[in-house]
Amino acid sequence: MKNFSQSPSHLPAIPVAVALAGALLLDFIPLPADTFFWLPKFSALVLIFLAFYRPQTFGLITAFLVGLAVDAGTATPLGQHALAYVTGIFLLQLPGFISRLKTPARQLIGVLVILLLIQAVLLFIHAVGQRQLVHLESMLAPLSGMLLWPLIDKVLKYFFNRFMK
């Protein structure tokens with residue numbers, strides 16, 4: 001079996017679409033925000049995975065399109081998640097950022113920083129648009145995303161390796 005992170009071949013479109021669709025469906029589940037404020041943005045985690053392991057293929061345009069899909073699916077103002085995702089993936093694609101994330105502990109910290117940036121952009125847009133501050137307990141979502149990262153990383157690597165045989 002090929003190693004996903006070291007394989008130079010491009011990913012097939014169908015498993016990428018399935019992974020993104022699954023993440024979007026998890027984001028679209030209508031759960032009460034006052035109870036499930038700690039759930040991470042699964043689409044952001046899949047985007048981080050794709051941009052981390054395939055930065056030459058998945059970047060700002062993919063982040064923008066997935067962000068627009070999240071905006072359309074969650075009935076938020078169009079462009080809110082797109083701006084946040086593009087900002088997070090831009091940070092990931094800065095020169096030298098990915099090269100510093102080679103160890104699992106550094107990956108956790110990098111994912112946390114990116115998710116915190118995405119959440120901060122979303123909170124800022126909400127505060128400006130609604131003219132009210134959001135409770136800061138929503139900053140627990142990036143922390144839970146960081147804790148889920150090792151599992152998501154392994155599951156997505158296994159999933160994509162199955163299609164790269």
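Residues numbered from 1 in each chain as written. Predicted model: local features only at pLDDT ≥ 70, side-chain atom pairs only at ≥ 80, totals over all residues. Heavy atoms only, no water.

Colleague: Help me understand the packing of helix H2 (residues 42–53) against helix H6 (residues 140–163), please; the structure alone is not making it clear to me.
Modeller: When two helices pack together, their arrangement is given by the angle between the helix axes and the distance between those axes. H6 packs onto H2 with a crossing angle of 60° between their chain directions and a minimal axis gap of 10 Å. Here H6 runs oblique to H2, going by the angle between their axes. Classified by chirality, the crossing of H6 by H2 is right-handed. The residues of H6 that touch H2, namely those facing Phe-42, Leu-45, Val-46, Ile-48, Phe-49, Leu-50 and Tyr-53, are Gly-145, Leu-148, Trp-149, Ile-152, Asp-153, Leu-156, Lys-157 and Phe-160. For the contact of H2 with H6, the per-class residue count stands at twelve nonpolar, one polar and two charged. (Axes fitted to C-alpha atoms, helices over the stretch in contact; angles between N-to-C directions. Helix = DSSP H or I, 4+ residues; strand = E, 2+ residues; numbered from the N terminus. Parallel < 35°, antiparallel > 145°, perpendicular 65-115°, else oblique. Left-handed = near helix turned anticlockwise from the far one by under 90°. Contact = heavy atoms within 4.5 Å. Nonpolar A, V, L, I, M, F, W, Y, C, P; charged D, E, K, R; others polar.)

Colleague: Is there a simple way to explain the side chain of Gln-107 in this structure?
Modeller: As for its position among the elements, Gln-107 is in helix H5 (residues 104–130). For Gln-107, a relative accessible area of 11% translates into the label buried. The contact partners of Gln-107, leaving out residues within four places of it in the chain, are Phe-52, Tyr-53, Leu-101, Lys-102, Trp-149 and Asp-153. (Buried < 20%, exposed > 50% of the residue type's maximum accessible area, 1.4 Å probe, protein only.)

Colleague: Before we go on, may I ask you to explain the UniProt feature "transmembrane region" (unreviewed entry) in the protein in this structure?
Modeller: The residues that UniProt annotates with the feature "transmembrane region" (unreviewed entry) are residues 12–29, 82–101 and 108–128. Helix makes up 89% of residues 12–29 and strand 0%. Its end C-alpha atoms lie 27 Å apart. Spanning residues 108–128, this segment combines 100% helix with 0% strand, and its end C-alpha atoms are found 30 Å apart. (UniProt positions renumbered as here; feature names shortened; annotations may be inferred.)

Colleague: Can you help me understand the packing of aromatic side chains in this one?
Modeller: The description of two aromatic rings rests on the distance between their centres and on the angle between their planes. Per the counting criterion, the structure on display carries seven aromatic pairs. Ring geometry for Phe-52 against Tyr-53: centres 4.8 Å apart, planes inclined by 85°, an arrangement best described as edge-to-face. Of the two residues, Phe-52 and Tyr-53, both sit in the buried class. Where Phe-159 meets Phe-163, the ring centres are 5.2 Å apart and the plane angle is 70°; that geometry is what we call edge-to-face. With Phe-159 and Phe-163 both in helix H6 and four residues apart, the pair spans about one turn of that helix. You can call Phe-159 partly exposed: its relative accessible area is 24%. Residue Phe-163 is classed as partly exposed on the basis of its relative accessible area, which comes to 43%. In this structure an aromatic cluster arises from ring pairing among Phe-49, Phe-52, Tyr-53, Trp-149, Phe-159, Phe-160 and Phe-163. (Phe/Tyr/Trp six-rings, centres within 6.5 Å; stacked < 30°, edge-to-face > 60°.)

Colleague: Explain unusual backbone geometry to me, please; I cannot follow it from the model alone.
Modeller: Residues apart from glycine generally show negative phi values, whereas peptide bonds are mostly found in trans. Even without a glycine there, the phi angle at Ala-75 is positive, about 60°. If you trace the backbone, Ala-75 turns up in the loop between helix H3 (60–74) and helix H4 (80–92).

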